[in-house]
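Topology and contacts: notes
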Amino acid sequence: MSKQRSGKPTVQSNAYLRFRQRLIAGLLTMAVLATAIVVWEIHTAAQEREQAIARQTQHYTRAIEAQVLSTIEFVDLSLTGFSNALKLLPADHNNVNNRIAALLSSRGSSFQGVYWLAFIDAQGQGVAASNDLPIAGTDFSQRDYFQAHLQNKVGNKLFIGEPILSHITKSRLFVISRRVENAEGKFLGVIAAPLDARRFAEVFEKSRLGKDVSISLVHMGGHLIARAPQFERTFRWDLRNNELFKRVPQSKNGTFTTISPIDHVSRVFSYAVLQDFPLIVVSGSSDTAIGLAMDRHIFAGVLGLTLLLGIMLAGGHFALRSYAKVEERESRYRQLYVRSRDTEAKLTASEQRLRLIADNLPIMIAYVTRDGRYSFTNRRFEERFGQIGQSLIGKSAAQTVGQELYQIVLPHLDKAFGGQNTRYERKVLTSHGERWDSVCYVPDFDDKGQVVGLFSMVEDITNRKKHEESMKLAALMYQNSSEGMLVTDEEGTILSVNPAFSRISGYEEREVVGRPAYQLTAGLQDREFFSRMRQSILHTGRWEGEIWHQHKNGEHYLVALRFDSVCDENAAAYRRVALFSDVTKRKASEELIWKQANFDALTGLPNRRMFNERLNQELKKSQRHRLSMALLFIDLDGFKGVNDTLGHAMGDVLLQKVAQRLGQCVRSSDTVARLGGDEFTIILSEVHQASAVLRVVRDVLAGTADSFDLGKDQVQISASIGITSYPDDGEDAETLLKNADQAMYAAKQQGRNGYHYFAPAMQEGATLKHELRQALENNELRLVYQPVIALASGRMQKVEALLRWQHPSRGLLTPAEFLAAAEHSGAIVGIGDWIFRQAVLLAQRLQAEYGPNFQVCVNKSALQFRSEDCNVESWLAFLRQRQVDARSIVIEVTEKLLMDANSQTTGKLKRLQEAGMQLALDDFGTGYCSVSFLRRFQIDYLKIDPAFIANLDDGIHGQELCRAIIAMAHTLGIQVIAEGIEHPGQLAILKAAGSDFGQGNLLSEPVSEDKLEKISLVC
């Protein structure tokens, strides 16, 4: 046994030497039994060789199985990692393919050519590959692996496809793939890893220890994937009718002897089916040597006992030789074991790479053993639940996550340990607030199908939950809004409507979806209107206005409509959202209110508000065309006597007849207005000659001087007329009206039933201005206070500060007698500051008795706010100095101040409101303030003019007007103060109408401060 192989001496083992000794002793001592012994030895040697070959092939099979499993598990880990990464990509339809390509190419270099990754979308179209192969747009929809995932045949498990010849790279491949879903389980596509079968064949070739050894990887579908030798010829060889596939259904591993259908060589084959994978590893070794040994010994037996010794020697020689070969093969097995250890080292390196991937995934990953302890955790898990410098391996779940959270997860753990894939969401309260987790438990089964542990994957979905909550809230608002809402595409085609839309329009959603939005209109607006509307939407993205719609029943209704645009990430509008409400009734109410607010209910003539508006219009026209105009101020002489003798009803009839006669004295272009009581005005426009004014004046005097038939009675009255002209007597409406009023009083002083032209000497300005400057210095100004009562409780909650002038020679004067002079002289600023400070001091004193909510109301002149000397900051500083809340003061302004407010005035009012001061609109209804001004200036209180309160006794129309004003104010969130309550009937009507506060002589006349505490009010 000193033969050499490859030039090296063979060192025999002790077992071999003992075997040889027994063989020689047996030959010498058992000659008689030589034949039997030889036969027995031949038989034994044949069996041992067959067993050795079986062991060899089994070792081959196990080693190759481990290598293949390692490769597949490594590839599967890559697939899983990239699948999870793809799930987390944002749903950006325009950039998602580029992001997938970037993600794949960033890891492409780490696969060393053994495989690459490719992503196929849900339609079977190639998206990108890690090795930059041009697969984008390539159709993979007919591939077996795509169809398997599309039909969800394997669920979330790995799928290994049949071997194929790539039509892109022309390589011999087999594909490992996984299904990719989003968080809701929607199929997104397939992540596939094509493996080069040639690489496996090369590994098999290197693992062959002899030319008679064959190694194959076979798909359960019946086709060869890789074989050494003869890879090229045997790729996709059909083995479905081979002995192998007859044995596989009976056992997942085994050994058998058969003739190879490829090279027709008889071999001993060992096979093993890879657990959980449709792959079979087959190793084969030739049994020719066994057949030769049997033939030789049969030949020796035929020669007879004469050749016994030779046969025994030959048999012994053969046995020894066979034994040596077995030992040699076992040596090679040991070498294979060493190689297996190298493979194990590579697997360790692969595990480290897997750890790197797991630590960098945006989710927490852990492995929990059957006894509830952690055997693996990734970095994110340790950051969440671990402590610095301490490992979580070996710790129990209850100890790691805490008892409170453990009680939440325990039922789901039990379910997962029962063998079910478990998914759920949980809410966790942390020191940073509320957090939502999405948890997935995947059981891990052993060979017997028993759960030995589970994989835990936890993802933070707090942002997604917040987004879902926002979407639910938006949907709730959409479905429950009282305003009609519709959504269109960028061309105006209706996509969706809310229930309020159906209630307003009468159309169900199915009746309007897909129709152009303009078909809802009534067609009452012209094309120019719709053109402007469309241009506004296209250029600004929005439009707001009123438009007539047609109800399903054919009726027309007016809607307040607003269009807004929703833009995509490229700032291009792709949706239009419209909100609208039916304002038909509101418009009718506003029109009624406008008419009642602008025209005198008794005579039908324009009232003070409309008069001021038309006077301003005529002034602008006269200024623009350089024309003259005249203003007549008419006061009836003797009207009070008619009222006193015949009653108010006959007085109203008389006013109506006077209005008719005045209308007959002027042209259609002129304006006759009633300012209140028995005061009328006439605006004469485009006056070219003074004689034309005089003619109208004489006609008015003649018309009013004629007797009036009032039923059974005839009365005789006259008129006193004051005349002013533009531009001689003034260039603004206020000056003209004031001068005309002064001229009218001059006419009365001359004996009435006449007229008087305005003269500058009528103004008492010079004297009053001088006296007013001294009034503040001499402490001649006084304040009296009229209580403002909450009608619901009867308690005094406010007082209005009213100015009086204790004139040294003329006695106590009201503001009407000196306010104009104060405004013209500029003294109004100082007077206003003094009033404000006195009101603050009073509020401070009264709040100690009536509570911190008690308020003092002060009137402010429009001229004071327009003056540059008016410093509202000094008011606020005084409030802070006295430590009085700004809400303690209510600023009362007139409609004229709001209408004529410039930016400076508006800024001052806004500053006071920002500080907390409230705003009241005085004498509402006598001017021409619109609802939009009430909203714009955020009015807190609306004071109904006493003239409307006085009309409550005139019948149902006066009451309806007050109710309409109160209802409108409450709709706008404004509280109402009824001013000028004179008798209990008015009070009862105002209470029933819902007025919040009342003020008037019935409740209390204006009193001094010391008398306020003595007032006892019950209403």
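Right, let's walk through the structure included here. Fair warning: this is a prediction, and the values are worked out from it, not measured in the lab.

**Observations concerning the overall build of the protein chain**
Counting its regular elements, the protein chain contains 34 helices and 39 strands. Taking all 1019 residues of the protein chain together, 46% fall into the buried category. As displayed, the protein chain offers around 52,400 Å² of accessible surface, 51% of which is attributable to carbon and sulfur atoms.

**What to know about the pattern of salt bridges**
Taken as a whole and judged by the stated rule, the model has 29 salt bridges. For Arg542, the salt bridge is made with Asp564, and the minimal N-O distance between the two is 3.6 Å. With a gap of 22 residues between them, Arg542 in strand β21 (residues 542-550) and Asp564 in strand β22 (residues 556-567) connect regions that are remote in the sequence. Classification of Asp564 by relative accessible area gives partly exposed; the value is 23%. Salt bridges sharing partners connect three or more residues here, namely Arg542, Glu544, Arg562 and Asp564.

**Quick look at the packing of aromatic side chains**
Per the stated rule, a full pass over the model turns up 15 aromatic pairs. Note on Tyr367 and Phe455: the rings are 4.9 Å apart at their centroids and 75 degrees apart in plane angle, and the pair reads as edge-to-face. Pair noted here: Tyr367 is in strand β14 (residues 364-369) and Phe455 is in strand β18 (residues 451-460), with a separation of 88 residues, a long-range link. Centroid distance Phe501 to Phe580: 5.7 Å. Interplanar angle 85 degrees. Geometry classified as edge-to-face. Linking Phe501 in helix α14 (residues 499-505) with Phe580 in strand β23 (residues 573-582), this pair joins segments that are 79 residues apart in sequence. As far as burial versus exposure is concerned, Phe501 and Phe580 are alike and both buried.

**Brief notes about unusual backbone geometry**
Backbone torsion omega between Ala228 and Pro229 reads 5 degrees, so that peptide bond is classified as cis. On the secondary structure map, Pro229 appears in the loop between β10 (224-228) and α6 (231-234). Residue Pro727 is bonded to the preceding Tyr726 through a cis peptide linkage, with omega at 5 degrees. Along the polypeptide, Pro727 turns up in the loop between β29 (718-726) and α22 (733-749). Positive phi, close to 50 degrees, is recorded for Glu686, a residue that is not glycine. The partly exposed category is assigned to Glu686, whose relative accessible area is 35%. Phi is positive for Gln883, which is not a glycine, with a value near 55 degrees. Summarising the element assignment, Gln883 is placed in the loop between α27 (872-882) and β35 (889-894). For Gln883, a relative accessible area of 76% corresponds to the exposed category.

**Observations concerning the environment of Asp139**
Looking at the secondary structure, you find Asp139 in the loop between β4 (126-129) and α4 (144-150). Under the relative-accessibility criterion, Asp139 is labelled partly exposed at 45%. Residues Asp139 and Gly126 lie 13 residues apart in sequence; the distance between their C-alpha atoms is 6.4 Å. Leave out the neighbours within four places in its chain, and Asp139 touches Gly124 and Gln125. Only 2.7 Å separates the side chain of Asp139 from the side chain of Ser141, close enough to count as a polar contact.

**Here's the deal with α27**
For α27, the full list of buried residues reads Val872, Trp875, Leu876, Phe878 and Leu879. An end-on view of α27 places all buried positions within 155 degrees of arc, on one side of the element. Turned more than 90 degrees away from the buried face of α27 sit Arg880 and Gln881, all of them exposed. Taken together, the buried residues of α27 touch α25 (827-850), α26 (862-866), β35 and α29 (903-914). For α27, the side-chain oxygen to backbone nitrogen distance between the N-cap and Glu873 is 3.1 Å, and the N-cap itself is Asn871. Gln883 sits one or two positions beyond α27 and adopts a positive phi of about 55 degrees.

About the thresholds
- Residues numbered from 1 in each chain as written.
- Predicted model: local features only at pLDDT ≥ 70, side-chain atom pairs only at ≥ 80, totals over all residues.
- Heavy atoms only, no water.
- Helix = DSSP H or I, 4+ residues; strand = E, 2+ residues; numbered from the N terminus.
- Buried < 20%, exposed > 50% of the residue type's maximum accessible area, 1.4 Å probe, protein only.
- Areas by Shrake-Rupley, 256 points an atom, 1.4 Å probe, with all protein chains shown as cover.
- Salt bridge = Lys/Arg side-chain N within 4 Å of Asp/Glu carboxyl O.
- Phe/Tyr/Trp six-rings, centres within 6.5 Å; stacked < 30°, edge-to-face > 60°.
- Contact = heavy atoms within 4.5 Å.
- Polar contact = N/O pair within 3.5 Å; in protein donor to acceptor, adjacent residues only side chain to side chain.
- Arc of directions from axis to C-beta.

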